[in-house]
Each structure stands twice: as structure tokens, then as C-alpha cells.
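Structural characterization, general
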Amino acid sequence: MIPGPGAGRVPGSGARVAGAFGRACAVAVLAASLSACQGRTSSSRPAAPPPAATTPVGPKVAVVDFTRALHAHPRWPDVDALDRRIGRLQAELAVPTAPQFQMPQIDLQPQIRAAAQQELEQIKPQYQQQFNQTALALRDAARKELDAFVAQLRASTQAEFNDKQQALAAQISKAIQDKQQALDKDNEQFQQQVLEQYRLPLLNLQLKRDAATTGNRQQQQSLNQQIQAMTKERDDKIAAHEKANEQALQDFQQQQNQAYTQQLKDLQTQLNQSAQQQVAQKEKELNDRLHDTLVAKQAEMNQEMHTKLQAELAARQQALVQGARAEITRAEQQALANAGSARQALDAQLRDAQAERARLMAEILADLRVEAAALAQQHGYDVVLTQTVATFDTTDITDELIARIKR
């Protein structure tokens, strides 16, 4: 029951509380509410004359379907969610929790292989460093041997080039010298021939000039001009022939120089190719020898590393077996501890959920009581019942209450 405005307080009530009350309780609560209202009226107003003899007027009573109001509250879905969670937790706690123990893998082969790999990674850098140092020393020795061979080959090739260059230069020089001597001889022969050709005509002109009278200057002058012209013609022929031979000598020298230059290039190319072939052959010889030496050294170190690795793995295997036994013991203890911790966690979650539900229900009930009291005061109800079990002249304000709490 929720009292009306004259009661002075709003007692808590809910669907389960109302259901626990019987018919007599509802009537008793109603009577108590009426008494409270009458007491408030007599204490707050002066005594009035006795009324006329009429039919007594009963209290103004309202009723609320508290169960429906509870379920219509905006926060009732939170209560439903908590009820489902509480039920789930209680169901989990009702089942005995057995330790979830999983036997560790007894097959130690993967661990042994891992240990072998780990041990190999630990000792491999040492042997790798040793091998690298050996390989570096061998490569350095091979490079020095190749450098010495190249230096010796370069010196011998240069010496051969110098010798052949000198021979070619001497050959070219002799050819030019022979050509020059031949041309000089030709010039001399041509000069003698031309001089002989012009000797008699010139002599004849000179005799005519000498025989002319001294008074005839015009004839002497004409003869002198003829002598000069013939002499110039003779000298020009000789000069032209010498110039032609000089040009021929220059052309011959140019041809010989070009031939000399080309022969030097061909010689240089030939010597370079021969040197490159010899260097490549020597380099291949050194690389093959270095490869064979390193392969033998690698095999030797691998055997040494394998022997050491086997010794180390024997001790590792013994430690792994002992570790596996200790792991089984720890797993058993951890499974027991986890089972206890899991049940404690479920208990704590259940207590938290129950406390949350109680708090939430208290807030919802408080909201309903406040709003019901406000309705009672607004409409002047003397008593608001949460459940009626007798026939009263009552008004159902459930819908109105629900409308108020949903605002």
C-alpha cells in the first residue's frame, strides 16, 4: 500500500511484498491509512458541529499494478540483464570446477632440434670467423701473386713493344732515306739533262750577242732578253722537277708515317690482347687453386664443428629431460591454482551482480513510491494500494504512474 497525502510518509512496497500480503492485510492497511487521514484532519482543523445523520463517506482509494509498473520502468531491462547474468553465474558455480590440466608434450625431438640449432648458431660464428680469416689470407696471397705476374708481364710487354717500335722506326727511316737519295739522284740527273739540253742554244745566243757590233744596242738587248728567257725556262724546268720530287718525298714520308702509326697501333693491340689472355689464364689458375684450398678447409672445419656440436648436445639433451619433468609438475600445480582462482572470480562476479541488482531495485522502487505519492497528492487519494484483494471503490492509476516514470 502507498498512503495518500495525509499519511506523511511513503513506505516501500513491491510486487513481491504485495503478493505476500493477504486479504486481511490489505484491509488493515486501508484502515490504517484512513485512521491516519482522520487523525491529520482532527489535529489540523478546529472542532466542527456534529454532522447530520447521513451515510458515512468512505476513503478515496487508488490501486497500482506494481508488477506491471516495475516492468515498465525505463531501467527494468538492466534488472533483466542482471537476472540473466546472476542465473548464468549460479549455473556455472553449481558445476564442480575440475582443474584443466594438459600434459606437456613429452616428445623432446623438436626441443632437441631447437637446441641443436641454438648450439650451432652459437659455435658457428667462431668457425665462420676462422674460415673468413683463412679465406682472406689466401685471397690476399693470390692477389699479390697476380699483381706480381701482371707487373712482370707489363714490363716484358713494354720491352717487346719498345724493341719492335725501334725496328719499325728504323725501317721507316731507312725507307725515307732511300727515297730521298733516289729523288736527289733523279734531280741531279734531270738537272744534267736539262743543262745539256740548253747549253748549245744558250751558247749560240751568247756568241751572237758577242758578235754584234757595239753600236747596235737594240740587237744586243734583244739577245740578252732571249738569253735570260731561255735561262729562266731552263731553271724553271729544273725547279719544277725538284719541287715535284720534293712533294713526292713529302707524300712518301706521310705514307710511311701513317703506316708506322698503324703498325704501332696493331702492335699495341696485339700485345694487349696477348697480355689480357695471359692475365685471364693466370687469374683462372689462381681462382681454381683458391677454390680447392677453401673447399678442403671448409670440410676440415665442418668436421671439427660437428664433433664439438655432438658433445654439447649430449649435455643439452640431459638438461631438456630434467626440464620436461619439472614442467609437468609446474603444470599440475598451476592447473589447481587456476581452478581455485576461476571459482573465486565467479563468486566475486556473482556477489557484485547481486549487489548491483539490489541497488538498482532500490532506486526503481524509490522512483515508483515518489511518483505514486505525487499522484496521490495530485488527485487527493487517501490510500494507494499496490494490490487489492477485496471489493473497494478503487481507481487504477497504473497507466498514469507508468506515463510519469517514462517522462
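Predicted model only: the values in this text are computed from it and were never measured.

This next bit is on the overall build of the protein. When helices and strands are tallied, the protein shows seven helices and four strands. When its helices and strands are written in sequence order, the protein yields β-α-α-β-α-α-α-α-β-β-α. Counting over 407 residues, the protein shows a buried share of 26%. When contacts within the protein are restricted to residue pairs at least 6 apart in sequence, those whose partners lie at least 24 apart make up 91%. Accessible area of the protein: about 26900 Å², with a carbon and sulfur share of 51%.

Let us look at helix 7 (residues 398–405). Within helix 7, the full set of buried residues consists of T398, L401, I402, R404 and I405. Buried residues along helix 7 cover an arc of 160° about the axis, so they all sit on one side.

Moving on, we get to the packing of aromatic side chains. The tally for this structure, following the rule as stated, stands at zero aromatic pairs. In this arrangement the basic side chain of K60 is found over the ring face of Y381, its NZ or CZ atom lying 5.2 Å from the centre. Positioned above the aromatic ring of F252 is the side chain of K179, whose terminal nitrogen or guanidinium carbon lies 5.6 Å from the ring centre.

Right, let's talk about the pattern of salt bridges for a bit. Counted by the stated rule, this structure contains 19 salt bridges. Across the salt bridge formed by D140 and K144, the nearest N and O atoms sit 3.4 Å from each other. Residue D140 and its partner K144 are located together in helix 5 (residues 109–211), separated by four residues, close to a single helical turn. Across the pair D236 and K232 runs a salt bridge whose closest N-O atoms are separated by 2.7 Å. Here D236 and its partner K232 are both found in helix 6 (residues 217–379), four residues apart, which amounts to about one turn of the helix. On the basis of relative accessible area, K232 is assigned to the exposed category, the value being 52%.

Here the focus is the nonpolar core. Most often, soluble globular proteins have nonpolar side chains that are buried together. Core analysis: the biggest nonpolar cluster contains 23 residues, and V64, L70, I364, L368, V384, I397 and L401 have the highest contact counts within it. Only helix 3 (66–72), helix 4 (76–94), helix 6 and helix 7 provide two or more residues apiece to this core. Counting residues per element, this core draws most heavily on helix 6, at eight residues.

It is worth spelling out a nonpolar patch on the surface at this point. A cluster of nonpolar side chains, L200, L203 and L207, forms an exposed patch at the surface whose accessible area comes to about 280 Å². When you line up the elements, L203 lands in helix 5. Look at L203 and you get partly exposed, because its relative accessible area is 38%.

On to the environment of Q255, then. In this structure, Q255 sits in helix 6. As a C-alpha pair, Q255 and I172 span 83 residues in sequence and 9.9 Å in three-dimensional space.

Looking now at the side chain of E371. Its place among the elements puts E371 in helix 6. Note on E371: relative accessible area 18%, which makes it buried. Reaching out from E371, the side chain makes a polar contact with the side chain of R404 at a distance of 2.8 Å. Here E371 is in contact with L401, R404, I405 and R407, once residues within four sequence places are set aside.

A few words on helix 4. Compared with an ideal rise of 1.5 Å per residue, which puts 19 residues at 27 Å, helix 4 spans 27 Å between its outermost C-alpha atoms and is within 8% of the ideal. Looking only at helix 4, the buried set comprises W76, V79, L82, I86, L89 and L93. In an axial view of helix 4, the angular spread of the buried residues amounts to 135°, which keeps them on one side of the axis.

What counts, and at which threshold
Residues numbered from 1 in each chain as written. Predicted model: local features only at pLDDT ≥ 70, side-chain atom pairs only at ≥ 80, totals over all residues. Heavy atoms only, no water. Helix = DSSP H or I, 4+ residues; strand = E, 2+ residues; numbered from the N terminus. Buried < 20%, exposed > 50% of the residue type's maximum accessible area, 1.4 Å probe, protein only. Contact = heavy atoms within 4.5 Å. Areas by Shrake-Rupley, 256 points an atom, 1.4 Å probe, with all protein chains shown as cover. Arc of directions from axis to C-beta. Phe/Tyr/Trp six-rings, centres within 6.5 Å; stacked < 30°, edge-to-face > 60°. Lys NZ or Arg CZ within 6 Å of the ring centre and 35° of its normal. Salt bridge = Lys/Arg side-chain N within 4 Å of Asp/Glu carboxyl O. Core = buried A, V, L, I, M, F, W, Y, C linked by side-chain atoms within 4.5 Å. Patch = residues over 30% accessible without salt bridge, like charges linked within 9 Å, V, L, I, M, F, W, Y side chains within 5 Å. Polar contact = N/O pair within 3.5 Å; in protein donor to acceptor, adjacent residues only side chain to side chain. Expected span 1.5 Å × (residues − 1).

Shape is all these values report; function is a separate question.
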